[in-house]
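If you want the building blocks of each chain, they are given just below.
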Amino acid sequence: MSMAYEEYMRQMVIPMRQELTQAGFQELKTAEEVEEFMNNVEGTTLVVVNSVCGCAAGLARPAATQAVLTSEKKPDHLVTVFAGQDKEATAKMREYFDGLEPSSPSMALLKGKEVVHFIPRHNIESFPMEAIMENLLTAFETKLG
């Protein structure tokens, strides 16, 4: 890939990254950052596998941010990796999603390192944002106790 293309993509995704970071998500951009986070994590974590696609923009990111902002019961940690942008970080995070097919966008709720709830792309792209948000809120309520 050309340097111009890579720079264009880095600039284009800034607002897509900010949508999550402004809601309190920590970006993990390298495999080492993912490994360090996962090796030291305690409690619960919501992981959003971000993407440039339309269902990430119109459905996944808004559902994740609104669920986090409106829920009384929240995960201890909020993290995100960006599929197609931070490829090594995304691949490393997916290693922790034992037995689950890679999916972008997607969301995983973890207790420690164990996935206790997973929302793959096929449960995002054909659903209204409110239904995805409700899916997350229900998971927070039932799995974070």
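Here the structure is shown first, and the text comes after it.
So, how was this worked out
Residues numbered from 1 in each chain as written. Predicted model: local features only at pLDDT ≥ 70, side-chain atom pairs only at ≥ 80, totals over all residues. Heavy atoms only, no water. Core = buried A, V, L, I, M, F, W, Y, C linked by side-chain atoms within 4.5 Å. Buried < 20%, exposed > 50% of the residue type's maximum accessible area, 1.4 Å probe, protein only. Helix = DSSP H or I, 4+ residues; strand = E, 2+ residues; numbered from the N terminus. Contact = heavy atoms within 4.5 Å. Disulfide = S-S within 2.5 Å.

Focus on the nonpolar core
No. 1: Phe-25, Leu-46, Val-48, Met-107, Ile-124, Leu-136 and Phe-140 are the most contacted members of the largest nonpolar core, which has 27 residues in total.
No. 2: When residues of this core are traced back to their parent elements, those giving at least two are β2 (44-50), α4 (54-70), β4 (106-111) and α6 (129-143).
No. 3: Ranked by residues supplied to this core, first place goes to α4 with eight residues.
No. 4: Residue contacts for Ile-124: discarding those within four places in its chain leaves Cys-55, Leu-59, Ala-60, Pro-105, Ser-106, Met-107, Ile-119 and Ile-132.
No. 5: One finds Leu-28, Val-34, Val-47 and Val-49 within the second-largest nonpolar core, a separate group that totals 17 residues.

Observations regarding the state of the cysteines
No. 1: Applying the stated criterion across every chain, the model contains zero disulfides.
No. 2: Lacking any disulfide linkage, Cys-53 is separated from the closest cysteine sulfur, that of Cys-55, by 3.3 Å.
No. 3: Residue Cys-53 is classed as buried on the basis of its relative accessible area of 16%.
No. 4: Overall, Cys-55 belongs to the buried group, its relative accessible area being 10%.

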